Amino acid sequence: MDERLAVVSGGGTGIGAAVARTLVADGCSVLVLGRRAEVLAATAERIGSETGRPEAVRAVSVDLTDPEQIGRVVEAVDGRPVDVLVNNAGGFHSAQDDTLAGIAANWRATLDTNVLTAVLLTAALRPALRRPGGRVILISSIAAQRGGGDAYSAAKAALHGWAYSLAAELGPEQITVNVVSPGYVAETEFFVGRMTPEGHAKRVAATLVGRAGTPDDIAESVRYLASPAASFVTAQILGVNGGSVLGR
Ligand SMILES: NC(=O)c1ccc[n+]([C@@H]2O[C@H](COP(=O)([O-])OP(=O)(O)OC[C@H]3O[C@@H](n4cnc5c(N)ncnc54)[C@H](OP(=O)(O)O)[C@@H]3O)[C@@H](O)[C@H]2O)c1
């Protein structure tokens, strides 16, 4: 079989970079996507040198909220089958004010960043997904399951409903669609400028295992769902949260 090809959005930092590194270490060729070219280039170089496979990781600079830019990803895929698509790009937008205009701007930005990025990238790559055997993985959040994030919680929850629909559409072609829902993960850019020692301690205390998650904790769950071994797992939400939210 050809080397497996994976596409990881938000692969330049945090969880996405850990996912990309894990998949490269497993023998995949990986495209990492994000808006900041210099961040992507540095991450691609680091992953290449840490795994000894510099040829296996390529960066594509793209704003995934912009339909016109997504063509760059299709060009980079260049007609190869995509084995693994990890829709990880996302982020939190703080509300600027509580006017209706401010609320509208905040919800639009949040939905664009967390939902539209995944929807557009998946639509663009859908024809290229490997049949049979393709894997689509969405990175949601514990905020979808327990609230607390206002528009962010709602946007991440939207991914869950969409994943069920997509899994039903792609299941007959032996493509799986699953959601990984991380709990609190330190060491990423997600909380930059928003975290306090008290906020950190509160989130750690909410886990059953008494620690923050790491990007590698999430990457390991993606590794499993992306693997051929997970072909009977689809339309599932996998909480990786140290027990902060109990499974149902
Ligand atoms: N850290 C946590 O505690 C936590 C918990 C639950 C869920 N999550 C979710 O996990 C995912 C990864 O977050 P993280 O913690 O690793 O934070 P992060 O380091 O901020 O990663 C987010 C990534 O998304 C990319 N991105 C954002 N908007 C984009 C756009 N329009 N087009 C292309 N790329 C875009 C960013 O790159 P550029 O800025 O260069 O575009 C960045 O690499 C996110 O979906 C986040 O919501 C995180």
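The paragraphs below set out a description of the structure included in this document.

Reading the values: rules and limits
- Residues numbered from 1 in each chain as written.
- Predicted model: local features only at pLDDT ≥ 70, side-chain atom pairs only at ≥ 80, totals over all residues.
- Axes fitted to C-alpha atoms, helices over the stretch in contact; angles between N-to-C directions.
- Helix = DSSP H or I, 4+ residues; strand = E, 2+ residues; numbered from the N terminus.
- Parallel < 35°, antiparallel > 145°, perpendicular 65-115°, else oblique.
- Left-handed = near helix turned anticlockwise from the far one by under 90°.
- Contact = placed C-beta atoms within 7 Å.
- Nonpolar A, V, L, I, M, F, W, Y, C, P; charged D, E, K, R; others polar.
- Near = placed C-beta within 6 Å.
- Buried ≥ 20, exposed ≤ 12 C-beta atoms within 10 Å, placed from the backbone.
- Pairing = 2+ DSSP bridges.
- Right-handed = clockwise from strand over helix to strand, strands pointing away.
- Core = buried A, V, L, I, M, F, W, Y, C linked by C-beta atoms within 7 Å.

1. A word on the packing of helix α1 (residues 14-25) against helix α8 (residues 215-226)
The relative placement of two packed helices comes down to the angle between their axes together with the axis-to-axis distance.
Okay, step 1: Contact geometry for α1 and α8: axes closest at 8 Å, N-to-C directions at 50°. With respect to α8, the axis of α1 lies oblique. Pair α1 / α8 crosses with right-handed handedness. In contact with Gly-14, Ile-15, Ala-17, Ala-18, Val-19, Thr-22 and Leu-23 of α1, α8 contributes Pro-215, Asp-216, Ile-218, Ala-219, Val-222, Arg-223 and Ala-226.
Okay, step 2: Grouping the amino acids of the contact of α1 with α8 by side-chain chemistry returns 10 nonpolar, 2 polar and 2 charged.

2. Section: the site of the ligand
Okay, step 1: Around the ligand, 30 residues are found, and the nearest of them are Gly-10, Gly-14, Arg-35, Gly-90 and Thr-188.
Okay, step 2: Elements supplying a minimum of two residues to the shell around the ligand: α1, β2 (29-34) and α4 (100-125).
Okay, step 3: With 3 residues, the top contributor of residues to the shell around the ligand is α1.

3. Some thoughts on the packing of α4 against helix α6 (residues 151-170)
Okay, step 1: Here α4 crosses α6 at 25°, and the two axes come no closer than 9 Å. The angle between α4 and α6 places the two elements in the roughly parallel class. Helix-helix and strand crossings are classified by hand; for α4 and α6 the assignment is right-handed. Side by side, α4 and α6 meet where Asn-106, Trp-107, Thr-110, Leu-111, Asn-114, Val-115 and Ala-118 of the first sit next to Ala-151, Tyr-152, Ala-155, Lys-156, Ala-158 and Leu-159 of the second.
Okay, step 2: Of the residues that constitute the contact of α4 with α6, the class distribution is 9 nonpolar, 3 polar and 1 charged.

4. What to know about the pairing of strand β5 (residues 135-139)
Okay, step 1: Burial runs high along β5: 5 of the 5 residues are buried.
Okay, step 2: Burial along β5 is two-sided: Arg-135, Ile-137 and Ile-139 facing one way and Val-136 and Leu-138 facing the other are all buried.
Okay, step 3: Two strands pair when backbone bridges link them, and strand β4 (residues 84-87) and β5 are joined in this way by 4 bridges, in the parallel orientation. Its bridge partner lying in β5, Val-84 is registered against Arg-135.
Okay, step 4: Assessed by its sense of winding, the connection that carries the chain from β4 through α4 to β5 is right-handed.
Okay, step 5: Inspection of the sheet shows β5 paired to strand β6 (residues 176-182) by 5 bridges, in the parallel sense. Across the sheet, residue Ile-137 finds its bridge partner in β6, namely Asn-178.

5. Some details on the nonpolar core
Okay, step 1: Core analysis: the biggest nonpolar cluster contains 63 residues, and Ala-6, Ala-20, Val-30 and Val-32 have the highest contact counts within it.
Okay, step 2: Sequence-distant contacts of Val-32, defined by excluding residues within four places in its chain, comprise Val-8, Gly-11, Gly-12, Ala-20, Leu-40, Thr-43, Ala-44, Val-57 and Ala-59.

6. Focus: the sheet that holds β5
Okay, step 1: Here we have 7 strands laid out as an open sheet, ordered β3-β2-β1-β4-β5-β6-β7, and parallel in their pairing. Sheet topology places β3 (57-61) and β7 (237-240) at the edges, where each strand pairs with a single neighbour. Neighbour to neighbour, the strand axes of the sheet diverge by 20° on average, direction disregarded.
Okay, step 2: Here 4 bridges tie β6 to β7, and the two strands are oriented parallel to one another. Bridged to Val-179 within β7 is Ile-237.
Okay, step 3: Sitting on the sheet, α4 touches β1 (5-9), β4 and β5, and the angle it makes with β4 is about 165°.
Okay, step 4: Those strands touched by α6 are β5, β6 and β7, and its axis lies near 160° from that of β6.

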